[in-house]
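Chain by chain, the residues:
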Amino acid sequence: MTLDGVLAGVLDGLLAALVLAAAGWTLAAPAAFPATIGFVGFGLLLTLAWVRLGAPDVALTEAAIGTGATGVILLLAVVRLRGGEEEVSAATPGRALVLAAGLLAGAVGLALALAVLALPDPAPGLAAEAAARTAPLGLGNPVAAVLMVFRGLDTLLESVVLVFTVLAVWSMAPDRHWGGRPGPEFPRQDDGPLALLARLLPPVGLVIGIYIAWVGTDAPGGKFQGGTILAAMWVVAWAAGLVQAPSVADRRVRLMLVAGPLVFVLVGLAGFGIADGFLAYPPALAKPLILVIEAAMTLSVAAALALLIAGPPEHPPERVT
Amino acid sequence: MSGAPIFGLTGAALVGLGLFGLLVQAAVLRKILAFNLLGAGVFLLFGVVAQRGGTAGGGADAVPQAMVITGLVVAFAATALAVVVALRMHQITGAATISESDGAEPGGSDAA
């Protein structure tokens, strides 16, 4: 084995140990707040693992959605779920149950580890086929080709899942809050680090978000990663009190939310006429059509994520005077 | 390709850890965290399969990678929904766990 190989092995081993240590802390931390911080650290370490596994697209998604957006939602919830220590300790299972759970979890983990070690060699896969069929479509990123062409139905349904999740989250609001603005209201910050960040970051972040969504067909990136960055910029301005969340009854918000899935379905239906069937594209038009879908989807992903972070409406609608 | 077995074993360990946390932790929020660890382990196993299935010069297999991206977005949506349900439950009953035997007062503060 070469020196590079040994070095890479040591680095991977260290990274794996850190990932597991952060996961252990997330479970063992004495309180919910340090546990959530541990989870965010875990996600960032996992992002490095994805880079090491040759998956920059997944690394971007993990950092943006799996760590960033999930972390914000969890941190907002931790602050509101304070207390209840006695209830939690009363509901914590006894030693026998912990032991049984440990045995079960250990057995599942061990079985998976054995399965990993027994994976067939050479590994079967669709890598060559996916790569060979990506270029004729005019795309440079095989992951984007899988998401938008070969398994476009998965991505379409996933985009619908986001819309339904926003509906489910909104429906958690009490009736009298319907029509109000989602989420807590933050006081306007005119001084301090957040006020500065909320004014300096969005112009840069908007450009980066749109760029990452735009290059997705040819390089790592895409609508989910770019849309998450756009949503994050809104969240920064929202948390600094510079912008207010729009009312859940606002038609423009709803239109933004469904624009992506709607365009996706319409282009998919057009496939019956201009290609072989639902979600099929004629090769010559594949890239422009995909970019149209991606643009609409970026908007909808950004809206859905921002609304999911804000949560259900928490105040009755304001009376228009 | 030396990274695959190491990260594969990490993924298996994460599934074990996450499952253990999901069963043992009482607080709903800690259960949600454990559920996300479990999911991360499953995704990592997909990542290992993708790397092993890669071609000599063409990089990793894009199909499992695309599935992980879809999975991450759906896992985020599920987490967001679970957190909102937990918050709403806390708002109505004051409970921070889903234990059936706890003595949380029903109909607590819906006034918020």
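Residues numbered from 1 in each chain as written. Chains lettered and ligands numbered in written order. Predicted model: local features only at pLDDT ≥ 70, side-chain atom pairs only at ≥ 80, totals over all residues. Heavy atoms only, no water.

1. A short note on the overall build of chain A
- When you go through chain A residue by residue, the secondary structure sums to 12 helices and 0 strands.
- Its helices and strands taken in sequence order, chain A reads α-α-α-α-α-α-α-α-α-α-α-α from the N to the C terminus.
- The dimensions of chain A, computed from C-alpha atoms along their principal axes, are 65 × 60 × 40 Å.
- Expressed as a percentage of the 321 residues in chain A, the buried residues total 46%.
- Taking the intrachain contacts of chain A between residues at least 6 apart in sequence as the baseline, contacts between residues at least 24 apart amount to 73%.
- For chain A, the accessible area works out to roughly 15,600 Å², and carbon and sulfur atoms hold 72% of it.
- Of the side-chain charges in chain A, 16 are positive and 21 negative, and the distance between the mean point of each set is 8 Å. (Helix = DSSP H or I, 4+ residues; strand = E, 2+ residues; numbered from the N terminus. Buried < 20%, exposed > 50% of the residue type's maximum accessible area, 1.4 Å probe, protein only. Contact = heavy atoms within 4.5 Å. Areas by Shrake-Rupley, 256 points an atom, 1.4 Å probe, with all protein chains shown as cover. Lys, Arg positive; Asp, Glu negative; His and termini not counted. Charge placed at Lys NZ, Arg CZ, Asp CG, Glu CD.)

2. Quick notes on the UniProt feature "domain: MrpA C-terminal/MbhD" (unreviewed entry) in chain A
- When the UniProt feature table is mapped onto this chain, "domain: MrpA C-terminal/MbhD" (unreviewed entry) is found at residues 17-82 of chain A.
- Segment residues 17-82 of chain A splits into 88% helix and 0% strand. End C-alpha atoms: 31 Å apart. (UniProt positions renumbered as here; feature names shortened; annotations may be inferred.)

3. Some words on the packing of aromatic side chains
Residue and element names in this part refer to chain A.
- Summed over the entire model, instances satisfying the criterion amount to 5 aromatic pairs over all chains.
- Arranged with centres 4.9 Å apart and planes meeting at 90°, the rings of F186 and W238 form a pair that is edge-to-face. Pair noted here: F186 is in the loop between helix 8 (152-170) and helix 9 (193-215) and W238 is in helix 10 (residues 223-239), with a separation of 52 residues, a long-range link.
- Residue classification places W238 among the buried positions, given a relative accessible area of 4%.
- One aromatic cluster is present, formed by F186, W234 and W238 through successive ring pairs. (Phe/Tyr/Trp six-rings, centres within 6.5 Å; stacked < 30°, edge-to-face > 60°.)

4. Things to note about the UniProt feature "transmembrane region" (unreviewed entry) in chain A
Residue and element names in this part refer to chain A.
- Feature annotation in UniProt places "transmembrane region" (unreviewed entry) on residues 31-51, 58-79, 99-119, 156-173, 194-214, 226-243, 255-274 and 289-310, given in this structure's numbering.
- For residues 31-51, the end-to-end C-alpha separation is 31 Å, with 95% helix and 0% strand making up the annotated structure.
- As annotated, residues 194-214 comprises 100% helix and 0% strand, and the C-alpha atoms at either end are separated by 29 Å.

5. So, the nonpolar core
- By size, the foremost hydrophobic cluster in this structure holds 92 residues, and its most contacted members are F42, L46, W50, L162, F264, Y281 and L305 of chain A.
- Residues in contact with L162 of chain A, not counting those within four places in the same chain, are F224, V301, A304, L305 and L308 of chain A together with V73 and A77 of chain B. (Core = buried A, V, L, I, M, F, W, Y, C linked by side-chain atoms within 4.5 Å.)

6. Quick look at helix 3 (residues 62-93) of chain B
Residues and elements named next belong to chain B.
- Taking 1.5 Å per residue as the helical rise, helix 3 with its 32 residues ought to reach 46 Å, and the 46 Å between its terminal C-alpha atoms agrees with that figure.
- Measuring from the backbone nitrogen of V63 back to the side-chain oxygen at the start of helix 3 gives 3.1 Å, which picks out D61 as the cap.
- Once helix 3 ends, the next one or two residues include G94, with phi positive near 80°. (Expected span 1.5 Å × (residues − 1). Polar contact = N/O pair within 3.5 Å; in protein donor to acceptor, adjacent residues only side chain to side chain.)

7. Section: the pattern of salt bridges
Residue and element names in this part refer to chain A.
- One pass over the full model with this rule turns up 9 salt bridges over all chains.
- For R188, the salt bridge is made with D190, and the minimal N-O distance between the two is 3.3 Å. Taken individually, R188 and D190 each receive the classification exposed, so the pair is uniform in this respect.
- Residues K223 and E294 are paired through a salt bridge, measuring 3.0 Å at the closest nitrogen-oxygen approach. Placement of K223 in helix 10 and of E294 in helix 12 (residues 286-310) is noted, with a sequence separation of 71 residues between them.
- Here K223 falls in the buried class, since its relative accessible area comes to 2%.
- What makes E294 buried here is its relative accessible area of 4%.
- What you see here is one network of salt bridges that share partners, running through R188, D190 and R199. (Salt bridge = Lys/Arg side-chain N within 4 Å of Asp/Glu carboxyl O.)

8. Things to note about helix 2 (residues 32-52) of chain A
Residues and elements named next belong to chain A.
- Over its 21 residues, helix 2 extends 30 Å from the first C-alpha to the last, a length consistent with the 30 Å expected when each residue adds 1.5 Å.
- Considered for burial, the residues of helix 2 that qualify are A35, T36, G38, F39, F42, G43, L45, L46, T47, A49 and W50.
- Of the residues one or two after helix 2, G54 is the one with positive phi, at around 70°.

9. Some thoughts on the confidence of the model for chain B
All names here are of chain B.
- In this model, chain B carries a mean pLDDT of 85, and residues with pLDDT of at least 70 account for 82%.
- Here helix 1 (residues 3-24) is the element of chain B with the lowest mean pLDDT, 92, and helix 2 (residues 28-52) is the one with the highest, 94.
- Note that residues 102-112 has pLDDT below 50 and, in this model, 18 contacts with residues that lie over four places away or in other chains. (pLDDT = per-residue confidence, 0-100.)

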